[in-house]
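Here's the letter readout for the chains.
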Amino acid sequence: MTEPKLNLVGGQWVAGDATPNINPSDTSDIVGHYARATADQARDAIAAAKAAFPAWSRTTPLERHAILRRASDEILARKEELGRLLSREEGKTLAEGIGETVRAAQIFDYFAGECLRPEGELLPSVRPGVGVEITREAVGVVGIITPWNFPIAIPAWKIAPALCHGNTIVFKPADLVPGCAWALVDILHRAGLPDGVLNLVMGRGSVVGKAIVESPDVAALTFTGSQPTGAALAVQSAHLMRKAQMEMGGKNPFVVLADANLDVAADCVINGAFFSTGQRCTASSRIIVEEAIHDQFVAKLADQMSTLRVGHALSEDTQIGPVVDENQLAQNETYIEIGKSEGARLVGGGYRVERDTKGFFQMPALFADCTNDMRIAREEIFGPVASVIPVRDYDTALAVANDTEFGLSAGIATTSLKYATHFKRNAEAGMVMVNLPTAGVDFHVPFGGRKASSYGPREQGRYAAEFFTTVKTAYTAA
Ligand code: UN1
């Protein structure tokens, strides 16, 4: 067994039960051993973060800038190695793994810059001789709970703004992907963060996550993961009067109008629905197609899908890596059966495939003849499974797109300015894409959705300040 990687509590690496991190492309490949933290260690981490907060929140912009800058530089310099680690533990392709690592470096770079751009307002009171200052202050200890599907980018887009705005952190990465999380924390620790500012507690939600969410000392909780868990955490946070930011599921529509460039539309669907093995909350899972081009478009998709190469994440010619684990693969298969039993027509894919190594390989699946009330069109599957829903016209397409409990991302393929403009205004989603896949977002602009997809302020870019700071209004009689 390799030396286990430990948790970081109050600046000390602390031991715990070593658990193997298994490669979903090759279950005989152990990526490393990682210590699971205990509930007591999680509580120690919260106490350490609380103790570190007063000093850290008063550091100068330059001090915080320097640390985030150094972290960004190191992540970028190690992008091949970290990207490979990411692909090994999560299963997205090496190109996707390296791309996500670069994205994490860019996020630290961006927030290093944000450290140098503090903002405030100074204005006269409505009362004579009184001035008003409006400033933003750090919130306190932030609990960060991240999912397995973006093992470095999502931790980066929560940790970087939390540090930039002067908060201290207790960070629990998904149990399936501790590798990138550990590497990121190691980088930040060596970049010069004072002890206790960033604490890492790896392990299970039922142990470590529970200790974090139950603590009244955690002033703000940011979570990305499943809808039911996020909803429960939001309720629990309300009881504690704590700030909450929940990024949950999606059932993202992608509308294809008859006037669309069908090459562009097909690329958007293949990318949005199947790349990263469909394991993105922004994935397109409902493909809403105007009847006039429906048969032609479904045939085109089927054709393109038949050439997709599913395989080991680290093989150069792989376009789609494995599903993350057996549980997720079994869930995908259950939904394939549900779709068939609901009367949807499986155009192709959905079956397991064998490769040289033992992994969780599944061909992407496309259903046609779906209606929007089928379970496969309403529930998030979180795998490479998409449903085509035929519609009469644009108005019906928009109505179907909005007929969902979710509201994260919505896309449209059209060459009409009129429909593109109307869709941007009327799609009930936090993010709208025109002639672009529903997944794949920039790091410097707000990320988040509506309805059951998101709760609380937006993530990323300057909008991250809404969650990671609290506003103070100070009055002074001169
Ligand atoms: C992207 O589509 O670029 O968990 C990012 C997720 C999202 C991130 C998607 N929070 O899939």
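This text follows the structure it describes.
This one's a predicted model, so the numbers in the text were calculated from it and none came from an experiment.

Some thoughts on the overall build of the protein chain
Part 1: Counting its regular elements, the protein chain contains 15 helices and 20 strands.
Part 2: Taken over C-alpha atoms, the radius of gyration comes to 23 Å for the protein chain, in line with the 23 Å a tight globule of 478 residues would show.
Part 3: Referenced to the eigenvectors of the C-alpha coordinate spread, the extents of the protein chain come out at roughly 70 × 65 × 40 Å.
Part 4: Each of the 478 residues in the protein chain was classed as buried or not, and the buried ones make up 57%.
Part 5: Summarising the internal contacts of the protein chain: among those between residues at least 6 apart in sequence, 73% fall at separations of at least 24.
Part 6: Charge centroids of the protein chain, computed over 45 positive and 55 negative side chains, lie 4 Å from each other.

Observations regarding the side chain of Gln460
Part 1: Residue position: Gln460 is located in the loop between β19 (454-455) and α15 (465-468).
Part 2: A relative accessible area of 1% means that Gln460 is categorised as buried.
Part 3: Look past the residues within four positions of Gln460 in its chain and what remains in contact with it is Ile107, Phe111, Trp157, Val441, Asp442, Phe443, Val445, Pro446 and Phe447.

With respect to the environment of Pro128
Part 1: By the secondary structure assignment, Pro128 is in the loop between β5 (120-124) and β6 (130-138).
Part 2: Assessed through its relative accessible area of 79%, Pro128 is described here as exposed.
Part 3: Here the alpha-carbon distance between Pro128 and Ala478, two residues 350 residues apart in the chain, equals 9.5 Å.

Quick notes on the sheet that holds strand β16 (residues 385-391)
Part 1: Within the open sheet, the 7 strands sit side by side as β14-β15-β16-β13-β12-β17-β18. Their pairing is mixed. The strands lining the two open edges of the sheet, one partner per strand, are β14 (345-348) and β18 (431-434). When strand polarity is set aside, the average angle formed by the axes of neighbouring strands in this sheet is 25 degrees.
Part 2: As defined by bridge partners, β14 adjoins strand β15 (residues 365-368) across 3 bridges and the pair is classed as antiparallel. When the bridges of β15 are listed, Gly348 appears paired with Leu366.
Part 3: Sheet strands touched by helix α9 (residues 262-274): β12 (252-256), β13 (284-290), β15, β16 and β17 (409-413). Its angle to β12, the strand with the most contacts, is close to 165 degrees.
Part 4: Packed on one face of the sheet, helix α11 (residues 326-341) meets β14, β15 and β16 and runs near 15 degrees to β15.

Observations regarding helix α6 (residues 178-190)
Part 1: With 13 residues, α6 should cover 18 Å at 1.5 Å per step; its first-to-last C-alpha distance of 18 Å lies within 8% of that length.
Part 2: Of the residues flanking the end of α6, it is Gly192, one or two places downstream, whose phi is positive at about 115 degrees.

Concerning the sheet that holds β5
Part 1: Spatial ordering of the open sheet is given by β5-β6-β20, a layout of 3 strands whose pairing is antiparallel. Strands with a single pairing partner mark the edges of an open sheet, and in this sheet they are β5 and β20 (469-477). Strand after strand, the sheet turns through a mean of 20 degrees between neighbouring axes, direction not considered.
Part 2: Sheet analysis places β5 next to β6, joined by 5 bridges and oriented antiparallel. Directly across from Gly120, in β6, lies its bridge partner Thr135.

Some remarks on the packing of helix α1 (residues 39-57) against helix α7 (residues 205-214)
Part 1: At a minimum axis separation of 8 Å, α1 and α7 run at an interaxial angle of 35 degrees. The crossing of α1 and α7 is right-handed. Contact residues: α1 offers Ala39, Ala42, Arg43 and Ile46, while α7 offers Val207, Val208, Ala211 and Ile212.
Part 2: Taken together, the residues that form the contact of α1 with α7 break down as 7 nonpolar, no polar and 1 charged.

Notes on the site of the ligand
Part 1: As a structural note, the neighbourhood of the ligand is formed by 13 residues, with Arg103, Asn149, Cys281, Thr282 and Gly440 the closest of them.
Part 2: Between the ligand and Thr282, the relevant distance is 2.6 Å, taken from an oxygen atom to a side-chain nitrogen or oxygen of the residue.
Part 3: Considered on its own, the ligand offers 320 Å² of accessible surface; in the complex 99% of this is hidden by protein.

As for the nonpolar core
Part 1: Formed by 65 residues in total, the largest nonpolar core has its most connected members in Leu68, Phe108, Ile159, Leu163, Phe171 and Leu188.
Part 2: Apart from residues lying up to four places away in sequence, Phe108 is in contact with Leu68, Ala71, Ser72, Ile75, Ala156, Ile159, Ala160, Leu184 and Leu188.
Part 3: Core analysis: the next-biggest nonpolar cluster, separate from the first, contains 29 residues, Phe254, Val289, Ile293 and Met363 among them.

A look at the packing of helix α3 (residues 79-90) against α6
Part 1: For the pair α3 and α6, interaxial distance at closest approach is 8 Å and the crossing angle is 150 degrees. By the angle between their directions, the pair α3 and α6 is classed as roughly antiparallel. Contact residues: α3 offers Leu82, Leu85, Leu86 and Glu89, while α6 offers Pro178, Gly179, Cys180, Ala183 and Ile187.
Part 2: Looking at the contact of α3 with α6 residue by residue, the classes come out as 7 nonpolar, 1 polar and 1 charged.

Definitions and limits used
- Residues numbered from 1 in each chain as written.
- Predicted model: local features only at pLDDT ≥ 70, side-chain atom pairs only at ≥ 80, totals over all residues.
- Heavy atoms only, no water.
- Helix = DSSP H or I, 4+ residues; strand = E, 2+ residues; numbered from the N terminus.
- Rg over C-alpha atoms; globule rule 2.2 N^0.38 Å.
- Buried < 20%, exposed > 50% of the residue type's maximum accessible area, 1.4 Å probe, protein only.
- Contact = heavy atoms within 4.5 Å.
- Lys, Arg positive; Asp, Glu negative; His and termini not counted.
- Charge placed at Lys NZ, Arg CZ, Asp CG, Glu CD.
- Pairing = 2+ DSSP bridges.
- Axes fitted to C-alpha atoms, helices over the stretch in contact; angles between N-to-C directions.
- Expected span 1.5 Å × (residues − 1).
- Left-handed = near helix turned anticlockwise from the far one by under 90°.
- Nonpolar A, V, L, I, M, F, W, Y, C, P; charged D, E, K, R; others polar.
- Near = heavy atom within 4 Å.
- Polar contact = N/O pair within 3.5 Å; in protein donor to acceptor, adjacent residues only side chain to side chain.
- Areas by Shrake-Rupley, 256 points an atom, 1.4 Å probe, with all protein chains shown as cover.
- Core = buried A, V, L, I, M, F, W, Y, C linked by side-chain atoms within 4.5 Å.
- Parallel < 35°, antiparallel > 145°, perpendicular 65-115°, else oblique.

Keep in mind that these numbers describe shape and distance, not what the molecule does.
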